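# Residue-level structural notes
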Amino acid sequence: MPYPITSPDAAFVAEGVSRRHRRRGPDVLDDCTFAVPAGVVCALVGPNGAGKSTLLQLAAGLQRPTSGTVEVLGGPPRAGHPRVAYLSQGRPLFSRFTVPETLRLGARLNDGNWDAALAEQIADPSRFRKDERVGDLSGGERTRIALALALGKRADLLLLDEPMADLDVLARQELMGLLMAHVADTGTTVVMSSHIISELTDVCDHLLLLHEGGIRLCGGIEELTASHAVVALPGGADRLDGHLVVESRPAGRGTSALIRPAGPLPTDWEVRPPALEELVLAHLTAPASPGLTLSAPSHLKESAA
């Protein structure tokens, strides 16, 4: 498929993307199609091995899809994209550099588009000895420095792979607050993977759920939760016929279920919207894939013709 895939309202688009690491091995990603709108904070969620890191590396231009097409900010991804910042799980830093040397390197590599004040606020060099090497820091301290480099770039698209994983509770709260303030100030699009769904609930407005290499859910979190319902009803699961049942189980003399209603629900049912964590866990444990997987936007389909 030729570039560009014109997608003015999306920061990150995939169409039919598969990725296989070995010629005869299974696909890490399998026929993924989605669009992440510009300006959102997107939670990239899924179990270990679902393909989250691979997807972020494709967006960063560090891998290429085996098939299909990836687009970031209106064009093909490439390593070192001046408008894209990528924070990998490995937190690659020069271990023999001090923190001030690392920040000066970030300024040099991003000359003309470097926010020194923000980078220093996040890295907080005063907490380290001037001669202390990055390689001697704890995992959480290295994460702080790597996040400072990513945000200091003032990129239009931030790709963050488990950005808070090595941090203690207080540091996680502090840095998440700085990240959200930066997003509010700049309108940056963020795609952020995490295993801690609860910490994403208050900061993310979009969800991309991966499971076994495929897309289970994709869309605005409010839209997704509003389209589902947690119900408790008297009687058996047969009363759920006609609705899309994601998960159901006996509950006393009745049934409890997470569904996508196909119409008005009976008045003798207890109904409430699901929490984000309930929605994610139910779709991950569902035997099939009944999720809200979004089809390719119409302009993508036209460009493929």
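What this report covers is the structure whose coordinates are included nearby. By convention here, each chain's residues receive numbers from 1 onward along its written sequence. The predicted origin of the model limits local features to residues at a pLDDT of at least 70 and limits the giving and counting of side-chain atom pairs to 80 or more, whereas totals for whole chains, interfaces and linings rest on all residues. To obtain the side-chain values, all non-hydrogen atoms of the structure were used and water was disregarded.

## What about the overall build of the protein?
Rules: Per the convention used, a helix needs a DSSP run of H or I reaching at least four residues, while a strand needs a run of E reaching at least two, with both numbered from the N terminus. When a residue's accessible area, from a 1.4 Å probe over protein chains only, is under 20% of the maximum for its type it is buried; when over 50% it is exposed; and in between it is partly exposed. Note on areas: these come from Shrake-Rupley sampling with a 1.4 Å probe, and a residue is covered only by the protein chains present in the view.
When you go through the protein residue by residue, the secondary structure sums to nine helices and 13 strands. Per-residue burial over the protein gives 50% buried out of 305 residues. If you sum the accessible surface of the protein, you get close to 14,700 Å²; carbon and sulfur atoms cover 50% of it.

## Description of the sheet that holds strand β4 (residues 67–72)
Let me state the cut-off plainly: Any two strands with at least two DSSP-identified bridges between them are counted as paired. Here an angle of 0 to 180 degrees is reported between the N-to-C directions of two axes, which are lines fitted to C-alpha atoms, with helices fitted over the stretch in contact. Two residues form a contact once any of their heavy atoms are found within 4.5 Å.
Taken in spatial order, the three strands line up as β2-β1-β4 in an open sheet, and their pairing is antiparallel. Every interior strand has two partners, whereas the edge strands, β2 (27–37) and β4, have only one. Between one strand axis and the next, the sheet turns by 15° as a mean value, whatever way the strands run. Two strands pair when backbone bridges link them, and strand β1 (residues 10–20) and β2 are joined in this way by seven bridges, in the antiparallel orientation. In the sheet register, A10 faces β2, and the bridge partner there is P37. Packed onto the sheet, helix α1 (residues 52–59) meets β1, β2 and β4 and runs at close to 60° relative to β2.

## Focus on helix α2 (residues 99–109)
This is how the line gets drawn: Think of it as the arc spanned by the lines of direction from the helix axis to the C-beta atoms.
Of all the residues in α2, the buried ones are V99, T102, L103 and G106. Within α2, the buried residues cover an arc of 95° as seen down the axis, which keeps them to one side. For α2, the exposed residues lying more than 90 degrees away from the buried face are R104 and R108. In this fold, the buried residues of α2 make contact with α3 (116–123) and α4 (139–152).

## As for the packing of α3 against α4
Worth spelling out the cut-off: Geometric relationships in this document are graded by angle, where less than 35 degrees denotes roughly parallel, more than 145 denotes roughly antiparallel, 65 to 115 denotes roughly perpendicular, and other angles denote oblique. Handedness of each helix crossing follows the sense of rotation of the near helix against the far helix: counterclockwise by less than a right angle gives left-handed, clockwise gives right-handed. Note that Gly is not counted as nonpolar here; it falls among the polar residues with everything else outside the nonpolar set of Ala, Val, Leu, Ile, Met, Phe, Trp, Tyr, Cys and Pro and the charged set of Asp, Glu, Lys and Arg.
α4 packs onto α3 with a crossing angle of 165° between their chain directions and a minimal axis gap of 8 Å. The angle between α3 and α4 falls in the class roughly antiparallel. Viewed along their axes, α3 and α4 form a crossing whose handedness is right-handed. Only R144, I145, L147, A148, L151 and G152 of α4 make contact with α3, whose side of the interface consists of L118, A119, I122 and A123. Looking at the contact of α3 with α4, its residues break down into eight nonpolar, one polar and one charged.

## Thoughts on the packing of aromatic side chains
To keep it simple, the criterion reads: Any two of the Phe, Tyr and Trp rings considered here, Trp counted by its six-membered ring, make a pair once their centres fall within 6.5 Å; the pair's planes then place it as stacked at under 30 degrees, edge-to-face at over 60, or tilted in between.
Within the structure shown, the criterion is met by two aromatic pairs. Between F12 and F34 the ring centres are 5.2 Å apart and the planes differ by 90°, which places this aromatic pair in the edge-to-face class. Taken together, the residues F12 in strand β1 and F34 in strand β2 connect sequence positions 22 residues apart. The class for F34 is buried, based on a relative accessible area of 1%.

## Regarding the environment of T98
As for its placement among the helices and strands, T98 is situated in the loop between β5 (84–87) and α2. Among the residues examined, T98 registers a relative accessible area of 6% and is labelled buried. Sequence separation between T98 and L137 is 39 residues; the distance between their C-alpha atoms is 10.0 Å. Those residues in contact with T98 that sit more than four places away from it in its chain are K130, D131, E132, R133 and V134.

## Considering the pattern of salt bridges
Between side chains of opposite charge, pairing is possible as soon as their charged atoms come close. Put simply, the rule is: A side-chain nitrogen of Lys or Arg and a carboxyl oxygen of Asp or Glu constitute a salt bridge if their distance falls within 4 Å.
Within this structure, the stated rule accounts for 10 salt bridges. We note a salt bridge from E101 to R133, for which the minimum N-O separation is 3.7 Å. Here E101, found in helix α2, pairs with R133, found in the loop between α3 and α4; they are 32 residues apart in sequence, far enough to count as distant. Assessed through its relative accessible area of 35%, R133 is described here as partly exposed. The shortest N-O distance in the salt bridge between R154 and D185 comes to 3.9 Å. Of this pair, R154 sits in the loop between α4 and β6 (157–161) while D185 sits in helix α5 (residues 169–186), placing them 31 residues apart in sequence. According to the relative accessible area criterion, D185 is exposed, its value standing at 59%.

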